[in-house]
Every structure is written in C-alpha cells, then in structure tokens.
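Structural description and commentary
Spelled out from the first residue to the last, the chains are:
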Amino acid sequence: MREEKLRALRKQTYETYFGPSTDFTCQLINARSIIRLIHSLDRKLTETEIKEFTAPITDRRLLKIIDQTNFSYKPQSLQGH
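In this text the structure is predicted, and so the values were computed from the model without any measurement. Here, residues in each chain are numbered from 1, in the same order as that chain's written sequence. Residue-level local features of this predicted model are given only where pLDDT is at least 70; pairs of side-chain atoms are given and counted only at 80 or more, and the full residue set underlies all totals for whole chains, interfaces and linings. Note that the side-chain values use all heavy atoms of the structure and ignore hydrogens as well as water.

**Quick word on helix 4 (residues 60–72)**
- In this text, helices come from DSSP runs of H or I with a minimum length of four residues, and strands from runs of E with a minimum of two, each type numbered from the N-terminal end. Expected helix span is taken as 1.5 Å per residue step, with the number of steps being one fewer than the number of residues. Helix length check: helix 4 (13 residues) gives 18 Å between terminal C-alpha atoms against 18 Å at 1.5 Å per residue, within 8%.
- Leu62, Ile66, Thr69 and Asn70 are the residues of helix 4 that are buried. On an axial view of helix 4, the arc spanned by its buried residues comes to 95°, and they lie on one face. Across from the buried face of helix 4, at angles greater than 90 degrees, the exposed residues are Arg60, Arg61, Lys64 and Phe71.
- Contacts were defined at the residue level, with two residues in contact if any of their heavy atoms lie within 4.5 Å. Against helix 2 (23–41) and helix 3 (47–53) lie the buried residues of helix 4. Remark: exposure states derive from per-residue accessible area (1.4 Å probe, protein chains only) relative to the maximum for the residue type, with buried under 20%, exposed over 50%, and partly exposed in between. Taken from the helix axis, the directions to the C-beta atoms give the arc we talk about.

**Some points on the environment of Thr54**
- On the secondary structure map, Thr54 appears in the loop between helix 3 and helix 4.
- Counting along the chain gives 27 residues from Thr54 to Gln27, while the straight-line C-alpha distance between them is 8.9 Å.
- Among all residues touching Thr54, those that are not within four sequence positions of it are Ile34, Leu63 and Ile66.
- We call two N or O atoms a polar contact when they sit within 3.5 Å, provided that within protein one can donate a hydrogen and the other can accept it, with sequence-adjacent residues counted only if both atoms are side-chain atoms. One polar contact links the side chain of Thr54 to the main-chain carbonyl oxygen of Ile50, over a distance of 2.6 Å.

**Concerning the environment of Ile29**
- One can find Ile29 in helix 2.
- Sequence separation of Ile29 and Ile57 is 28 residues, and the distance between their C-alpha atoms is 9.9 Å.

**Overview of the pattern of salt bridges**
- Here, a salt bridge means any Lys or Arg side-chain nitrogen found within 4 Å of an Asp or Glu carboxyl oxygen. Tallied over the full model, the rule gives two salt bridges.
- Glu49 serves as the salt-bridge partner of Arg43, at 2.9 Å between the closest nitrogen and oxygen.
- Taking the shortest distance from any N to any O, the salt bridge between Arg61 and Asp59 comes out at 2.9 Å.

**Points about the environment of Pro56**
- Within the secondary structure, Pro56 is located in the loop between helix 3 and helix 4.
- Put simply, Pro56 and Gln27 are 29 residues apart on the chain and 7.0 Å apart in space, counted from C-alpha to C-alpha.
- Discounting chain neighbours no more than four positions away, the residues touching Pro56 are Arg7, Gln27 and Asn30.

**Some thoughts on helix 2**
- A rise of 1.5 Å per residue sets the reference length of helix 2, with its 19 residues, at 27 Å; its end C-alpha atoms lie 27 Å apart and thus fit the reference within 8%.
- Remark: Asp42 follows helix 2 within two positions and exhibits a positive phi of approximately 60°.

None of this, on its own, says anything about what the molecule does.
Now the structure itself:
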C-alpha cells in the first residue's frame with residue numbers, strides 16, 4: 001500500500017516537472033530508482049522486495065537489467081575496500 005502511494009506521488013511529480021510521459025519513460029525512471037536503491041542499501045534486494053518494487057514495470061528488458069544488477073551486486077565491504 002505504501003509503495004503504491006509513493007509510486008503515484010513519484011509519477012505525479014515527474015509529470016509536473018517533465019509533462020505527460022509515455023508509459024515506457026515512467027518504467028525507465030522506476031527501473032533507475034530501483035538500481036540506485038540497490039546501491040544505496042549496499043545489499044541485494046530480496047525476492048519479495050524485487051516483486052514489490054518492479055510491480056509497475058512490464059518491459060522485459062528493464063526487468064532483466066534490474067535482475068542482473070541485483071544478482072551481480074556485491075556490497076562495498078566484500079569488494080576488498
């Protein structure tokens with residue numbers, strides 16, 4: 001429920017700043033925010049989180065990129081820093 005409200009607010013904000021957008025543009029922006037979330041949390045997302053965050057994304061290419069990013073992500077502590 002919370003995620004749906006955040007998505008609606010995010011979409012409204014994008015349309016306010018950038019004007020009406022295509023469905024793909026919104027999906028692309030959502031995918032980008034999910035990838036940034038993975039990096040900011042510094043961990044992989046769980047299956048439940050992935051399903052919840054990618055619910056509005058229907059483009060298979062974007063879903064594949066998110067899955068690849070999540071699958072191959074290594075936290076900073078494990079990268080030898």
